[in-house]
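Structural overview for review
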Amino acid sequence: VKNCDISNFQHGIYFNGATSGTIQNSNASTTKAGGYGIYLSSSNSNNITSTAAPSASSSAIFLSSSHYTAIDCQGRAMAGSNGTAGFGIQSSFSANMLVQNCILNGFSSISMFLSGASYSALTNNTISTTNSYYITPCWGGAICLTNSSDYVNITNNTISTKVMGIRVDGTGAG
């Protein structure tokens, strides 16, 4: 998916079981309840580059059991709606993930919520949160690692938040 503007669908871009795919220089947004800008389900070794994916109700990017995913925003911003729900980048049991050069702001819950994201790296991101809505187990944090998100490397990120910068909950080594 290259050089596309996609909007007003449940999910802007949806990969299910896709391997070695590329999403590049695109905008994928949704205003639908529970919708994701980009949703990868059981999709491995995919690259998301220089792409914006705002969502007014859920996550800009949601990875579910999608390993070896590289997200390089190349300085592009992903902005939330400052509502009562929403994540910038959310992962559920998606290991070996790279998130770099992203600007995340306006997400009311957590900018990066990683559950079971072992062996991942978060590098050179700028994250700003303004609200403090409670999402178990995190409370309005910029980055939350939970459920065995072991060996996650967080390097050279700029974080601005009212409540919590980085929370590590229920993980082992790292």
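Quick note: structure is the one above.
Description of the structure in this document. (Residues numbered from 1 in each chain as written. Predicted model: local features only at pLDDT ≥ 70, side-chain atom pairs only at ≥ 80, totals over all residues. Heavy atoms only, no water.)

A short note on the state of the cysteines
Applying the stated rule across the entire model yields one disulfide. A sulfur-sulfur separation of 2.1 Å characterises the disulfide bridge that pairs Cys73 with Cys102. Taking the torsion about the S-S bond as the criterion, the Cys73 to Cys102 disulfide, at about 75 degrees, is right-handed. Of the two residues, Cys73 is situated in the loop between strand S8 (70–72) and strand S9 (77–79) and Cys102 in the loop between strand S11 (98–100) and strand S12 (103–105); the sequence distance between them amounts to 29 residues. In this pair, the class of Cys73 matches that of Cys102, namely buried. (Disulfide = S-S within 2.5 Å. Helix = DSSP H or I, 4+ residues; strand = E, 2+ residues; numbered from the N terminus. Buried < 20%, exposed > 50% of the residue type's maximum accessible area, 1.4 Å probe, protein only.)

Here we look at unusual backbone geometry
Even without being a glycine, Asn25 presents a positive backbone phi close to 50 degrees. With respect to the secondary-structure elements, Asn25 resides in the loop between strand S3 (22–24) and strand S4 (27–28).

Some remarks on the nonpolar core
In this structure, Ile38, Ile61, Ile71 and Met78 are the most contacted members of the largest nonpolar core, which totals 30 residues. Taken together, the elements giving at least two residues each to this core come down to strand S2 (11–16), strand S5 (36–41), strand S7 (59–64), strand S13 (110–115) and strand S18 (141–146). Not counting residues up to four positions away in its chain, the partners in contact with Ile61 are Ile38, Ile48, Ala53, Ile71, Met78, Gly88, Ile89 and Gln90. (Core = buried A, V, L, I, M, F, W, Y, C linked by side-chain atoms within 4.5 Å. Contact = heavy atoms within 4.5 Å.)

Considerations on the sheet that holds strand S20 (residues 158–160)
Here four strands make up an open sheet; going across it, the order is S9-S12-S15-S20 and the pairing parallel. Only two strands of the sheet have a single neighbouring strand rather than two, namely S9 and S20. Strand-to-strand twist of the sheet, defined as the mean angle between neighbouring strand axes without regard to direction, takes the value 10 degrees. Looking at chain direction, S12 and strand S15 (residues 126–128) are connected through three bridges and run parallel. Following the sheet pairing, Ile103 is matched in S15 by Thr126. (Pairing = 2+ DSSP bridges. Axes fitted to C-alpha atoms, helices over the stretch in contact; angles between N-to-C directions.)

Concerning the pairing of S5
Of all six residues in S5, six are buried; the element is thus mostly enclosed. Alignment of S2 against S5, held across five bridges, turns out to be parallel. Directly across from Ile13, in S5, lies its bridge partner Ile38. Of the strand pairs in this sheet, S5 and S7 are connected by four bridges, and their pairing is parallel. When the bridges of S7 are listed, Leu40 appears paired with Leu63.

Remarks on the packing of aromatic side chains
Geometrically, a pair of aromatic rings is defined through the distance of the ring centres and the angle of the planes. All chains considered together, the criterion is met by six aromatic pairs. With 4.8 Å between their ring centres and 35 degrees between their planes, Tyr14 and Tyr39 make a pair best called tilted. Placement of the pair is Tyr14 in strand S2 and Tyr39 in strand S5, with a sequence separation of 25 residues. By relative accessible area, Tyr39 is classed as buried at 16%. These aromatic residues form a ring-pair network of at least three members: Tyr14, Tyr36, Tyr39 and Phe62. (Phe/Tyr/Trp six-rings, centres within 6.5 Å; stacked < 30°, edge-to-face > 60°.)

Observations concerning the sheet that holds S5
Taking strand neighbours across the sheet as the criterion, the seven strands line up as S2-S5-S7-S10-S13-S18-S21 in an open arrangement whose pairing is parallel. Looking at strand neighbours, the two that pair on one side only are S2 and strand S21 (164–169), the edges of this open sheet. On average, each strand axis in the sheet is inclined to that of its neighbour by 5 degrees, with strand direction left out of account. In this sheet, S18 lies alongside S13 in parallel orientation, the contact comprising four bridges. Bridge pairing in S18 links Leu114 to Leu145.

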